[in-house]
Amino acid sequence: MTDAQRALTGQVTGVHGNLLTLVRPSGYLWEAAMDQCWTASPTEREALTPRGAVRVISTSPPPVRPSP
């Protein structure tokens, strides 16, 4: 889930009424209101894995091939 207030993505480890308990891979734990969270996008979910932590995303467009 992604917490809009903190702009953090974490895994839900508990639900207590309207509060979600979330955790980051580093062990950082916090609570967020359910109505302030949404399902994480695939890119946000990648941030929760060690593989995603080293992924480099280019902001440059791919090279254009000349037409034949």
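Now for the pairing of strand 4 (residues 19-23). Among the 5 residues of strand 4, 4 are classified as buried, and the element is accordingly described as predominantly covered. Sheet topology places strand 3 (residues 11-16) next to strand 4; 5 bridges connect them, and they run antiparallel. The residue of strand 4 that forms the bridge with Val 12 is Leu 22. The turn linking strand 3 back onto strand 4 is made up of 2 residues, and Gly 17 within it adopts a positive phi angle of 65 degrees. As judged from the 5 bridges shared by strand 4 and strand 5 (residues 29-33), these two strands associate in the antiparallel manner. Bridge pairing in strand 5 places Leu 22 opposite Trp 30. Once strand 4 ends, the chain turns through 5 residues before running back antiparallel as strand 5, passing Gly 27 with a positive phi of about 100 degrees.

Cut-offs and rules
Within each chain, residue numbers correspond to sequence positions counted from 1 in written order. Where local features are concerned, this predicted model is filtered to residues with pLDDT of at least 70; where side-chain atom pairs are given and counted, the filter is 80 or more; whole-chain, interface and lining totals use all residues. Think of the side-chain values as coming from all heavy atoms in the structure, minus any hydrogens and water. Only protein chains enter the accessibility calculation, which uses a 1.4 Å probe; a residue is then buried when its area is under 20% of its type maximum, exposed when over 50%, and partly exposed in between. Per the convention used, a helix needs a DSSP run of H or I reaching at least four residues, while a strand needs a run of E reaching at least two, with both numbered from the N terminus. At least two bridges found by DSSP between two strands are what make those strands a pair.

By themselves these figures say nothing about function.
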